[in-house]
Each structure stands twice: as C-alpha cells, then as structure tokens.
Amino acid sequence: PPRAPPATSHPLAPVRVWFGSPASIIYRPWDLAKALGYFEDENLEVQLNYAAAGTEAATALLSGSVDFTGNSLDHSIKAQIAGKPTKMVVSFARLPGVALIVRNDLKETVRSVKDLKGMTVGATSVGSGTHLLLTYAMNQAGLVQDKDYTFKPCGSGTMAATLDSKGAAACMNSDPFITSYVSAGRGYVLAGGDFRTEKDTVALLGGVYQFTGAVTTQDFITKNPQVVQRVVNALVRADRFIAANSAKDIAAKLPDTVTGADRELYIKALDVAKEYLSKDGLNDPKGVSQVLQLNID
C-alpha cells in the first residue's frame, strides 16, 4: 500500500550522507531508517553514499560536500582540535564492534597481539577508527608502529584479498567482514582482540567505548536545527528497532546491496552486533572519555 503522507509539517529537505562500506554493521541505522521509511516520515529526502573508509567520509563532511556522515567519534575529536567542530548527534555503537583477524596459516605462531612483532598488520585506512584501536592494542602489547611492526591500509573491500595474498598477517575491521572471513575458514579472531564484546573491550580499555554514530558539522546544526532534529528522530527509531527485533527480522528489512548475497551469514553477524550496537542513540559519557583518552595517548 502507498505510504501515508509524512506526519510532519516541515518542508521536504534533502540530506546528503556519506559513510564507510554499505555492508558495515557499525553504520547500519542509516540504511535501516531509509528502508523502514523513517526518513520519509520526517519528510527528508536522504541520499546515502558509501566511502572506501571513514577517513574519506570525514574529509567530505569538513569540505561541505555532504551534510552528515557515519563516522567513529575520534574523527570528531580531530576536527574539533583542527578548529572545524563536528558533533556526533546519534550513537550507533557503544563498543568498538571491530576485531583483530589473523590469517589461518598463522594459527600456531600468532596467539596474542605481542606475537605480531615484526609482521605487517592492517586496518581500513590511515587515521581511521580501526587504525586508532589497532595502534592502541599494539602499543598495550609493547609494539610500536614502524619500529616493531609495519602498518598497511587495506580498505574494507580489499582486506580479504590482502590477507589471502599474505600482504598482511592480521587486520582490524568490523562485521560482516569478521564473520564472513572467519566462517569461510580463512582466518580467526585473535584471543583478546574481539572488541565486539564488552569483555575484550573492558580488558583493553578499562570500560565501554563510544565508537560510531551520525556526525554533522556545528555549522550545519546552527543553520538547520530542525533538519538535524528530524534526522536524529529517524535514526533513534532505527536504533530502537534494532534493539527490539531479532537479527532475522532486521535483515529482512534491508536490501541485498546491504546484506550481500549470503543473508544467513549477515544474520549471524547481526546477532553478534546486538552486544555492541546502541539501543537508544545516546552517547555514553564514559565511552566518550575512553575515546578522548586514546586520542590524547
């Protein structure tokens, strides 16, 4: 049946969004809010575009070519320091939702982070949220980039190929990549390196960690407060939908371009995501201070 006209009296507003790969679960509320018609309910015409990595999306936001991004909080902190204030207006993930994946042929030799000494390790891009967490985990194990190991930016889409071709020993990334690569028997989650879980996150960082969310510039907020509020309304509804529904029901609402061909695999990854995805869209002050601490360190 045709959708009812929007309940809002606000005029139609176009909103341009850019975030990391379409598959990445840590940005899921954007696609879900669109698929469920939540943006339509707010009379918003939202255009979703996908970047190769979060760093690319953050750059696009600061240049003014997009209005919002899906990004990790550290990008907002860096922008603030550079005098270009941005704000995370909705939380998507209360834990990093990433893990350190190691190639299967190293199972006998790489059993902990410190075993990666002298090897090449990767994350999505230089300066990305995954790079920040990787660097911190390596540092905590006494390993320093360029001295004890080599860093390689891999990109979400080319990470599997990089690992398979032995271009890197291990990589930090989010789901569904983790579930897909491990389920295929090509790699394993390093012990202590599963930051999709509260256990490993707290062991490394001492507490929860405010990771991804919807980010916009302070300038856009000042000029378009109503539009920002309407985007927030839609995304919080998406967060709540994720919290209240099964992984199978969530996946059923998403297009194939997001879930990929293997829906069962996607459902498996979404199941794990229940632990780290935000249930209410609120930024956790304790989680925010963890990110600040990492950026200061």
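Look above for the structure.
Attention here is on the structure that accompanies the text.

### Structural notes on the overall build of the chain
- Scanning the chain for helices and strands turns up 14 helices and 10 strands.
- For a compact globule of 297 residues, the expected C-alpha radius of gyration is about 19 Å, and the chain comes in at 19 Å, within 12% of that figure.
- Summarising its shape, the C-alpha atoms of the chain cover approximately 60 × 45 × 30 Å along the three principal directions.
- Here the chain, with 297 residues, has 55% of them falling under the buried criterion.
- As displayed, the chain has an accessible area near 12,700 Å², and 55% of this comes from carbon and sulfur atoms.
- When the 30 basic and 29 acidic side-chain charges of the chain are each reduced to a single mean position, those positions are 1 Å apart.

### Regarding the sheet that holds strand 9 (residues 187-194)
- Strands sit in the order 7-6-8-5-9 across an open sheet of five strands; the sheet is mixed. In this open sheet, the two edge strands, each paired with only one partner strand, are strand 7 (150-153) and strand 9. Direction aside, the axes of adjacent strands within the sheet are offset by 30 degrees on average.
- Here strand 6 (residues 120-123) pairs with strand 7 via four bridges, running parallel. Residue pairing for strand 7: G122 is matched across the bridge by K152.
- Here helix 5 (residues 129-140) sits on the sheet and contacts strand 5 (98-103), strand 6, strand 7 and strand 8 (170-174); the angle it forms with strand 6, its principal contact strand, is near 145 degrees.

### Let's talk about the packing of helix 1 (residues 28-35) against helix 10 (residues 225-244)
- Packing of helix 1 against helix 10 leaves a shortest axis separation of 8 Å and a crossing angle of 100 degrees. Classified by the angle their axes make, helix 1 and helix 10 are roughly perpendicular. Here P29, W30, L32 and A33 of helix 1 lie close against helix 10, whose contacting residues are V231, A234, L235, A238, D239, F241 and I242.
- The residue makeup of the contact of helix 1 with helix 10, split by class, is 10 nonpolar, no polar and one charged.

### Things to note about the packing of aromatic side chains
- Evaluated as defined, the whole model comprises eight aromatic pairs.
- An angle of 15 degrees between the planes, with centres 5.4 Å apart, marks the rings of F177 and Y181 as stacked. Within this pair, F177 and its partner Y181 are both found in helix 7 (residues 177-183), separated by four residues, close to a single helical turn. No difference in accessibility class separates F177 from Y181, as the two residues are buried.
- Pairing Y209 with F211 gives two aromatic rings, centres 6.0 Å apart and planes at 40 degrees, and the pair type is tilted.
- Note on F211: relative accessible area 2%, which makes it buried.
- Members of the aromatic cluster, joined through ring pairs, are W30, F39, F68, F92 and F220.

### What to know about the pattern of salt bridges
- The tally for this structure, following the rule as stated, stands at 15 salt bridges.
- A salt bridge links K147 to D148; the shortest N-O distance between them is 3.8 Å.
- A salt bridge links D175 to R196, with the nearest nitrogen and oxygen atoms 2.8 Å apart. Of the two residues, D175 sits in the loop between strand 8 and helix 7 while R196 sits in the loop between strand 9 and helix 8 (198-205), which places them 21 residues apart along the sequence.

### Focus on the sheet that holds strand 4 (residues 86-91)
- The sheet built from five strands is open, its strands ordered 2-1-3-10-4 with mixed pairing. Looking at the sheet topology across the chains shown, the edges are occupied by strand 2 (44-50) and strand 4. Adjacent strand axes in the sheet meet at a mean angle of 35 degrees when their direction is disregarded.
- The sheet contact formed by strand 3 (residues 68-72) and strand 10 (residues 212-217) spans five bridges and is antiparallel. Residue pairing across strands places S72 opposite T212, the latter belonging to strand 10.

How each quantity is defined
Residue positions are counted from 1 within each chain, in the order its sequence is given. Two thresholds apply to this predicted model, a pLDDT of at least 70 for residue-level local features and 80 or more for giving and counting side-chain atom pairs, whereas whole-chain, interface and lining totals are computed over all residues. Here the side-chain values reflect all heavy atoms present in the structure, with hydrogen atoms and water set aside. Helical segments are the DSSP runs of H or I of at least four residues, strand segments are the runs of E of at least two, and each set is numbered from the N terminus. Values of the radius of gyration come from C-alpha atoms, whereas the globule rule sets the reference at 2.2 Å times the count of residues to the power 0.38. Think of it in three bands: with a 1.4 Å probe and only protein chains considered, a residue is buried below 20% of the maximum accessible area for its type, exposed above 50%, and partly exposed in between. Residue exposure ignores everything except the shown protein chains as possible cover, and the areas themselves are Shrake-Rupley values with a 1.4 Å probe. The charged-residue count follows a simple rule in which Lys and Arg add positive charge and Asp and Glu add negative charge, with His and chain termini not counted at all. To locate a charge, the coordinates of NZ of Lys, CZ of Arg, CG of Asp or CD of Glu are taken. What makes two strands pair is DSSP finding at least two bridges between them. Angular values range over 0 to 180 degrees, each being the angle between N-to-C directions of two axes fitted as lines to C-alpha atoms, with helices fitted over their stretch in contact. When checking whether two residues touch, look at their non-hydrogen atoms; a contact exists if any pair is within 4.5 Å. Here is the rule for angles: anything less than 35 degrees is roughly parallel, anything more than 145 is roughly antiparallel, 65 through 115 is roughly perpendicular, and the remaining ranges are oblique. The residue classification treats Ala, Val, Leu, Ile, Met, Phe, Trp, Tyr, Cys and Pro as nonpolar and Asp, Glu, Lys and Arg as charged. All others, Gly included, are polar. What counts as a ring pair is set by centres within 6.5 Å for rings of Phe, Tyr and Trp (its six-membered ring), and what kind of pair is set by the plane angle: stacked under 30 degrees, edge-to-face over 60, tilted for all other angles. Only one rule defines a salt bridge in this text: a Lys or Arg side-chain nitrogen within 4 Å of an Asp or Glu carboxyl oxygen.

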